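Here's the letter readout for the chains.
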Amino acid sequence: MKKGQTIRVTQIVVVGILFASCCALQVRGQPLALSSVVPMRERDVIVTVYYRPDDEEWAQDIFDTAVEALPILEELAGFPYSHRYNVEVFPKSDREMEGFGGKNLNERGIWLNRDVYTPELIKYGSNTFLILHEMAHYWSDDEIYAKPWLKEGFCELFVFLVLMEMDRKGLASTKKNDWSLIVSRYKTLDFPLDQFEYERQGSQSSKIDLAYSKSALFCYEIYKTYGIETIQEINKYIYDNGIAADSFTYMNLLEDVTGEDQKEFFLGWIFPEDLDVEEWKTAEDAINELEEVADRSCSQVREAYGVNAVTDLTDFWLHITTEIARAKSCMRDYDFEKAARICRDEIEKTEATLSEFNRYAECYRQAEEYYASLDSVVKDNIPRDKLLAARYRLLSLEFDLFSQKLEEAYTELETAEMYRDLYSIWCADGECALLTCEEIFTLKSREEATAFMRSMVAVMQDYMAAAEKVEHAGPITSLGILVRGGESDIRGNLERAQEEIRCGNSDTARSYLAAIEENLSMGTVCGAGVICIVLISTACSLFLVWKKRKAPPKRMQENLCPPEGMQKNL
């Protein structure tokens, strides 16, 4: 069976089932229904109009209009009918409608106020306007437009355009004239459409009537100036990107598509006329600059480090997005100064944050390169988890914690690498009881292995330092050791420490090294004491010699004595 035949058979079956259902309902005294399958772009849509007994004329008028208009609306909107439910129309009482003429309740169907829109109004086109407006909401709803003036204005415009496509130009002209008449009638109530919100006052509210008609006239101005293709392009962009356009968003999209500044056009119609356009432009430029800074910075980071802003720098990107949304919210409240201030502050913070990120990201890149340079002995036993923990902190912009985690990773890797290198030196002769890296990681947990290697590396380094001190002991220390006779003890402790290290006994080896350090210290003290004694003895000897040389000879002392007689006289 061919595809076209399959569709026709399906339609016949569906209509048959609906017809049987309607007959059953009629037998029970329930509302009747008219139904048909309407082929659309992506799927067939069943249109069903329920009606009360004796209301067939009313139902037939609604049904004919709905079936003919549905594909035209899809074409005008610029994107497909994408709802999972079919089109169902129900007559409702004025009490149920709460004063409204019609409601599109999505999967619950379209409700029409049968008490107000009676069969007598068919000749005036009122019922036609109503059903077309509510059906247009399938393409002009909360998923596409975030402002009531957009939803209602384009629904009204589509009513006009559908009537033109259906060659019902008289009704189309009547509809457009009604907009102008209502706006003129209620001009004293005029207000910017961006401030229009739905009210629970029913269709008799003058303010709502004004808002609907003014919205329709503004949308008609867009259509008349730029054509239906512009409206379709904007609608498709909104639909494809899953956004609900508010007043500012729609204005910006219209600017993008037309290449023209729309601010003056939107002033008075959508926004208050007394808005400061310069402040508006400054705030708008600040938002654009912040978006550009964020995009540029994230692109640079992605190119340099392979980091994706949305999936990796999640917190950063979420923060930027939130601040941009906050600035745009201020725009919607017409607080342009605050919006610009938010963006300026965030631009400064963003640039500083990304600069700091670059610095730390380079450190992480070097750490990854270092890890990659290590041989399998280390990498097979030390996974990258600590490096990845550092990376997580980096991407979370927690730079202090990043430095801590990176230091931990470096310490572990460097310890294992140093132990491996020192092992190859200490156990070069093959006669060594010291465990290899592989054996350590096999016999111990990762934490225990790292602690053991760290301890062994430290004692090996201490041993080499001690041996260096002994080998290059200064003359004073060597003299003290010689005097004390401790050279053999030092050499013996070095040998014993070496043996303990080769057996993996770091604590015992450290005790021998401590004894060596003590002997060297005492040797230095002793040597200094010996030298001091020698120096003091030498000094005393030299002093006595000097003293002796300074005293006069004995004969000269006798000659210096006065004669005896003179001595007596004296």
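Residues numbered from 1 in each chain as written. Predicted model: local features only at pLDDT ≥ 70, side-chain atom pairs only at ≥ 80, totals over all residues. Heavy atoms only, no water.

1. A look at the overall build of the chain
Secondary structure assignment for the chain yields 23 helices and five strands. Across the 570 residues of the chain, 42% fall into the buried class. Roughly 30800 Å² of accessible area belongs to the chain as shown, and the carbon and sulfur atoms make up 52% of that amount. (Helix = DSSP H or I, 4+ residues; strand = E, 2+ residues; numbered from the N terminus. Buried < 20%, exposed > 50% of the residue type's maximum accessible area, 1.4 Å probe, protein only. Areas by Shrake-Rupley, 256 points an atom, 1.4 Å probe, with all protein chains shown as cover.)

2. Concerning the environment of Ile501
Its place among the elements puts Ile501 in helix H20 (residues 487-502). Note on Ile501: relative accessible area 0%, which makes it buried. Between the alpha carbons of Ile501 and Trp426 there is a distance of 8.7 Å; along the sequence they are 75 residues apart. If near-sequence neighbours (up to four positions away) are discounted, Ile501 is found in contact with Trp426, Leu434, Met456, Val459, Met460, Tyr463 and Ala509. (Contact = heavy atoms within 4.5 Å.)

3. Focus on the pairing of strand S1 (residues 32-39)
Burial within S1 is extensive, with six of its eight residues counted as buried. The sheet contact formed by S1 and strand S2 (residues 44-51) spans eight bridges and is antiparallel. Note on S2: the bridge partner recorded for Val38 is Val45. Taking the residues that link successive antiparallel strands as the turn, the S1-S2 hairpin has four residues. (Pairing = 2+ DSSP bridges.)

4. Topic: the packing of helix H2 (residues 56-77) against helix H5 (residues 148-165)
Relative to each other, H2 and H5 sit at 120 degrees, their axes nearing to 10 Å. Taken together, the axes of H2 and H5 lie oblique to each other. Relative to H5, H2 is oriented so that their crossing is right-handed. Residue-level inspection shows Ala69, Ile72, Leu73, Leu76 and Ala77 of H2 in contact with H5, the latter providing Phe158, Leu161, Val162 and Glu165. Taken together, the residues that form the contact of H2 with H5 break down as eight nonpolar, no polar and one charged. (Axes fitted to C-alpha atoms, helices over the stretch in contact; angles between N-to-C directions. Parallel < 35°, antiparallel > 145°, perpendicular 65-115°, else oblique. Left-handed = near helix turned anticlockwise from the far one by under 90°. Nonpolar A, V, L, I, M, F, W, Y, C, P; charged D, E, K, R; others polar.)

5. Quick notes on a negative patch on the surface
A contiguous patch of negative charge, built from Asp276, Glu278, Glu279, Asp333, Asp335 and Glu337, is present on the exposed surface. Mapped onto the elements, Asp333 comes out in the loop between helix H12 (314-332) and helix H13 (336-373). (Patch = residues over 30% accessible without salt bridge, like charges linked within 9 Å, V, L, I, M, F, W, Y side chains within 5 Å. Salt bridge = Lys/Arg side-chain N within 4 Å of Asp/Glu carboxyl O. Lys, Arg positive; Asp, Glu negative; His and termini not counted. Charge placed at Lys NZ, Arg CZ, Asp CG, Glu CD.)

6. Let's talk about the pattern of salt bridges
Per the stated rule, a full pass over the model turns up 32 salt bridges. A salt bridge links Lys169 to Asp167; the nearest nitrogen and oxygen atoms lie 2.8 Å apart.

7. Concerning unusual backbone geometry
The phi torsion of most residues other than glycine is negative, and most of the peptide bonds are trans. Phi is positive for Asn106, close to 60 degrees, though the residue is something other than glycine. A positive phi angle, close to 60 degrees, is found at Asp167, a residue other than glycine. Examined against the element boundaries, Asp167 turns out to sit in the loop between H5 and helix H6 (169-185).

8. Here's the deal with the packing of helix H18 (residues 446-471) against H20
At a minimum axis separation of 11 Å, H18 and H20 run at an interaxial angle of 160 degrees. It follows from the interaxial angle that H18 and H20 lie roughly antiparallel. In terms of crossing hand, the pair formed by H18 and H20 is left-handed. Residues Met456, Val459, Met460, Tyr463, Ala467, Val470 and Glu471 of H18 form the contact with H20, whose participating residues are Ile490, Arg491, Leu494, Ala497, Gln498 and Ile501. Broken down by class, the residue content of the contact of H18 with H20 amounts to 10 nonpolar, one polar and two charged.

9. A few points about the packing of aromatic side chains
The final tally for this structure, using the stated rule, is 35 aromatic pairs. Ring geometry for Tyr50 and Phe90: centres 4.9 Å apart, planes at 5 degrees, overall stacked. Taken together, the residues span a long stretch of sequence, with Tyr50 in strand S2 and Phe90 in strand S3 (residues 87-92) at a distance of 40 residues. Summarising the aromatic geometry, the rings of Tyr360 and Phe402 are spaced 5.7 Å apart at their centres and angled 80 degrees between planes, so their arrangement reads as edge-to-face. With Tyr360 in helix H13 and Phe402 in helix H16 (residues 399-426), the pair connects residues that are 42 residues apart, well separated along the chain. (Phe/Tyr/Trp six-rings, centres within 6.5 Å; stacked < 30°, edge-to-face > 60°.)

10. Side note on the confidence of the model for the chain
Summary statistics for the chain give a mean pLDDT of 87 and a share of 90% for residues scoring 70 or more. Here residues 1-29 scores under 50 on pLDDT; set against residues more than four positions off or in separate chains, the count is 16 contacts. The low-confidence segment residues 200-204 (pLDDT under 50) makes 10 contacts with residues lying over four places distant or belonging to another chain. (pLDDT = per-residue confidence, 0-100.)

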